[in-house]
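# Observations on the three-dimensional arrangement
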Amino acid sequence: MSRVVAVASMQLINKWAYVGTPLLVLGGALALSLAIYAMVPTDEVKYGGGSQAPFWYFLVLGIQSMTLVFPFSQGLSISRRAFYLGTLGLFSLMAAFMTGIYLLGGVLEEATNGWGLQGYFFQLPWISDGAWYATGAFLFVAMMFMFIIGFWFATVFKRWGTNGLLIVGFGSAAVLIGAAALSTVLQWWGTIGAWFAQQTPLSISGWAALVCAVLAAGSYATLRRATP
Amino acid sequence: MSAIVVEARKLSKRYKDVLALDSVDLKFEENRIYGLLGRNGAGKSTLMSILTSQAFPTSGEALVFGGSAYENDAVLSRMCFIRESQKYPDDFKPKHAFKSAALFYRNWDQDFADRLAAEFRLPVDRRIKKLSRGQLSAVGVIIGLASRAEVTFFDEPYLGLDAVARQLFYDHLVADYARHPRTIVLSSHLIDEVSMLLEHVVVIDGGRIIIDDDAENIRGSAVVVSGTAELVDGFLAGRTVLHRETLGSLASVTMEGVFSAQERREAQELGLGLSPVSLQHLIVRKTMGDAEWSAKPAEKPVDEAMEVPR
Amino acid sequence: MGMIDDSRPIFVQIAELIENDIVDGTLAEEAQVPSTNEFAAFHRINPATAAKGVNVLVDSGILYKRRGIGMFVATGARAKLVARRTEQFFEQYVRPLTVEARKLGISPQELGGMIARAAGAAEKEAVQ
């Protein structure tokens, strides 16, 4: 167990990757959004998608922790299991921390009437409609999802190389397209649309968490035989 | 006989159509310095990767401290293998790498690491990405030495290091090993540089172990006999000849084996020259036939290392 | 101190180096010999190999061990070594000398004269 914790501390030795950069990306996106809100000549309420910027960074982090941190962890004689648990654990902490910041940002936005500009960055329609914990759950799962997707693709790449990545990439695309085609043929789109319309951030989080769990299990199974 | 800490049993590794390891059997004993010698591509890195469970064998078994290292923290925590092409997190500096190593190696000596970094003139505050090849090697060498793991593998640790830095490494290796005995496996193709540090030599060629013997048994186990071709050949009739070179009517023949005092006298009386064979020379003769020995560091010309003592 | 080369067993060479120091008086009888680790560090050789060289001399009674202190030159070691080396001298130097002399047609008498002359020169050099 202590080696799992050590894996997490190891990645925090350099604070930038897990703490500094995401905050910087978030701060930059916020500043940019506010600047744009200030320039838009309307009195109406403004929303923007800038707050998703850190999510993309998490995708990159997921990839890098596999392509760069994993080989280093092997050099330090760390088992694949300890590396996996430590990295995933660290990322959960990270996602929880960022979720906290988003929720606080939302409270702040409400109190200041959208930074005095009627511009909203954290408080977005639908996502922030429900209770705070529903919003939190959605943000947390979304961040985990980005990280795990990156981590999983990188694991596939490490294990099977470019060909593996292409096969998995095209395979997933084929499955999605096939499902879409099937839905069209069977005229399911109406039902599917209705199903999505019924979902709340909380229920979507539940479904996404399920997908995350499947991907995380898949990553671990793939990592078990990966070489640095 | 001391305890066996590393063992390979019929270890084979196949990459598509290449047999990188061919049924390798090996035993490494506690607290000795081993040389894993061989040409580039002979299978040295593959063997070390599999022994440390960084890679997987196609067949056979690799045991460290009696068990497989695979996903085995009890075994893993007692060994260290920094690869020749070791990767580090993108934003890491050498000091971060050392701090990380300190988290995982219970015998880690930070003072020692600091001293080594100063002696190697390693910029510990520069991003590893921006280091030169030699500085990158120094990071690996420092982790390998300062971790003081019970079994430590060094995979061609000298790449890009200049002559001074290489000597520093060899000196520290001997001195620190003397103070803290442990099992060290040093892979190298610079045999002349490392041979005196080794207690035991394993030579791998084309994925097979061709020599596995104490360095002292190998030293002096071959002789170069030179003189008139006719006389040399007559004198060596029935002996194992490793290599034969001729120049006009003269021959220079590397023979495996030792002469008795009586035979030496006979050779002298025939006017034949006898000269000893260095470990490197012997291994070169055994592994290459007519092919060139692998790349040498730039400052050491190939000819010099290849030179046949006459 | 002489250098070690890689073409003969190193422990033999280590033993020879210590013997040389005893024969020429650098290491007096009952003087302490450097530790094996010091030998290893100085010659950049494997410590186990250095220890083997020292142990050869312990086994032949040239050196002896004082527990917890180190290795010392035994009393009488020098005389023992000189006697052994005199024997080797004949095999290593005198015999090849006569072989070469015969090739060149130098008679044993002439050879004797040459040796006397060289010995005289060596003595003179030593005096100066």
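Before reading further, recall that the structure is shown in the block above.
I will try to describe carefully the structure that is included in this document. (Residues numbered from 1 in each chain as written. Chains lettered and ligands numbered in written order. Predicted model: local features only at pLDDT ≥ 70, side-chain atom pairs only at ≥ 80, totals over all residues. Heavy atoms only, no water.)

The interface is formed by 23 residues belonging to chain C together with 24 residues belonging to chain B. For the pair chain C and chain B, the summed buried surface comes to about 1,900 Å²; carbon and sulfur atoms form 56% of the total. The interface formed by chain C and chain B contains three salt bridges. Where chain C meets chain B, there are ten residue pairs in polar contact (both at pLDDT 80 or more). Counting only elements with at least two residues in the side of chain C that touches chain B, the list comes to helix 1 (10-23), helix 2 (36-43), helix 3 (47-59) and helix 4 (77-103) of chain C. If you tally residues by element for the side of chain C that touches chain B, the top one is helix 4 of chain C, at five residues. (Contact = heavy atoms within 4.5 Å. Buried area = accessible area lost by both parts, 1.4 Å probe. Salt bridge = Lys/Arg side-chain N within 4 Å of Asp/Glu carboxyl O. Polar contact = N/O pair within 3.5 Å; in protein donor to acceptor, adjacent residues only side chain to side chain. Helix = DSSP H or I, 4+ residues; strand = E, 2+ residues; numbered from the N terminus.)

Okay, helix 4 of chain C next. The terminal C-alpha atoms of helix 4 of chain C lie 39 Å apart, and with 27 residues this matches the ideal 39 Å at 1.5 Å per residue to within 8%. Within helix 4 of chain C, the axis deviates most sharply at Phe89(C), by approximately 35°. Where helix 4 of chain C is concerned, the buried positions are Ala77(C), Leu81(C), Val99(C) and Ala101(C). Along its buried surface, helix 4 of chain C packs onto helix 10 (261-270) of chain B together with helix 1, strand 3 (70-73) and helix 5 (108-127) of chain C. Looking at the residues trailing helix 4 of chain C, positive phi occurs at Gly105(C), about 75°. (Expected span 1.5 Å × (residues − 1). Bend = angle between axes of the 7 residues up to and from the residue. Buried < 20%, exposed > 50% of the residue type's maximum accessible area, 1.4 Å probe, protein only.)

To continue, consider the layout of surface pockets. Put simply, the largest pocket is a space of about 1,200 Å³. For the largest pocket, the lining is made up of 32 residues, of which Arg264(B), Arg8(C), Glu16(C), Glu91(C) and Gln92(C) are closest to its centre. Those elements that place two or more of their residues in the lining of the largest pocket are strand 10 (222-228), helix 10 and strand 13 (273-276) of chain B together with helix 1 and helix 4 of chain C. Here the element with the most residues in the lining of the largest pocket is helix 4 of chain C; it accounts for nine residues. Grouping the constituent residues of the lining of the largest pocket by class yields 15 nonpolar, seven polar and ten charged. Counting contributing residues, the lining of the largest pocket receives three or more from each of domain 1 (10-75) and domain 2 (79-127) of chain C. Of the volumes computed, that of the second largest pocket is approximately 320 Å³. Secondary-structure elements contributing two or more residues to the lining of the second largest pocket are helix 6 (163-179) and helix 7 (191-194) of chain B together with helix 2 of chain C. It is helix 6 of chain B that contributes the most residues to the lining of the second largest pocket, four residues altogether. (1 Å grid on protein atoms, 1.4 Å probe; cavity = no way out; pocket = protein on both sides within 12 Å on 5 of 7 lines; lining within 4 Å. Points joined across faces, edges and corners; volume = space filled by probe spheres on them. Nonpolar A, V, L, I, M, F, W, Y, C, P; charged D, E, K, R; others polar. Domains from an automatic or database assignment.)

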